[in-house]
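Understanding the architecture of this molecule
Residues per chain, in single letters:
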Amino acid sequence: MNFEKMNVVNIELFGIPGSGKSYFTKRLVGRNKKLKNYILWERSSIIGRIVKKIAMFTISFFYSSKIKCMSDKYIETSSVEALYTAHKDIQEYFERIIYLMFIYRLAAMFKISIVTDEGILHTVATMVVDFDVTLKNRNQIYKLISDTDLCIYNHVSVDKAIESIRVRDRHVTQIDDLSPEKLNQFLMGYSQACDSLYAESQANQLVSIDRDNPIEKNIKYIEDMLMEVK
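Notes on the structure in this doc start here. All of these numbers come straight from a predicted model, not from anything done at the bench. (Residues numbered from 1 in each chain as written. Predicted model: local features only at pLDDT ≥ 70, side-chain atom pairs only at ≥ 80, totals over all residues. Heavy atoms only, no water.)

**A word on the state of the cysteines**
The tally for this structure, following the rule as stated, stands at 0 disulfides. The thiol sulfur of cysteine 151 is not disulfide-bonded, and the nearest other cysteine sulfur, from cysteine 194, lies at 9.9 Å. Accessibility expressed as a relative area gives 0% for cysteine 151, which makes it buried. (Disulfide = S-S within 2.5 Å. Buried < 20%, exposed > 50% of the residue type's maximum accessible area, 1.4 Å probe, protein only.)

Rendered as structure tokens:
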């Protein structure tokens, strides 16, 4: 497909671990030189790691009061401790959200089209299940993605996600080493959080793809959506 006339876009994905977000991003970016895989750049390049470290330090140091306000604004109730990850407190999720909002605006400023396979809504969904969060002000939650042109829900069943996690046999995060029972509990809660965020949104930029579909069909669907972005 010819993307020469495509405008600068900001795309993010969300979905449970094992849903294929990274693989889909890799395939989508591989077909279009205008798109950049932000998470890959953030984790694998020296500049990306430096930008993240400086930004996260700045956010935690200068935005502590804003983070506290965000917590009060968006959360009804939550657990005191993380149930599944090594996060020390829930504020770390809001730091990540502010960081991504900054990156989205920075990319737009420099006219760079990026794809983030663990975006803002993904961070919200993870926070919901990890700290057993009850959200309030749902409409305000969706305003967090106001700088996102396309937000893709990468849907997959919990059983197939578990199968993918076992096959990749990765041991990078605490989630990778959960017991089978704990992993199933985590993914069930995660799936419910993602389903809820997608179903209750009135935001036009939210779309869904199903991993059961052929990858080429999903890519073609998103490419067609991208050509309509103003």
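Having seen the structure, we can now continue with the description.
**Some details on the pattern of salt bridges**
The full count for this structure, using the stated rule, is 10 salt bridges. Taking the shortest distance from any N to any O, the salt bridge between lysine 68 and aspartate 72 comes out at 2.9 Å. Remark: aspartate 72 and lysine 68 occur in helix H4 (residues 64–74); sequence separation between them is 4 residues, near one turn of the helix. Taking relative accessible area as the criterion, lysine 68 reaches 44% and is therefore assigned partly exposed. Among the charged side chains, a salt-bridge network with shared partners connects Arg27, Arg31, Glu216 and Glu223. (Salt bridge = Lys/Arg side-chain N within 4 Å of Asp/Glu carboxyl O. Helix = DSSP H or I, 4+ residues; strand = E, 2+ residues; numbered from the N terminus.)

**A closer look at the pairing of strand E1 (residues 10–14)**
When you tally the buried positions in E1, you get 5 out of 5 residues, the bulk of the element. Burial along E1 is two-sided: the residues Asn10, Glu12 and Phe14 and Ile11 and Leu13 are all buried. Pairing geometry for E1 and strand E4 (residues 113–116), over 3 bridges, is parallel. Counted as the bridge partner of asparagine 10 is isoleucine 114 from E4. For E1 and strand E6 (residues 150–155), the ladder comprises 4 bridges, and the chain directions are parallel. Residue pairing for E6: glutamate 12 is matched across the bridge by cysteine 151. (Pairing = 2+ DSSP bridges.)

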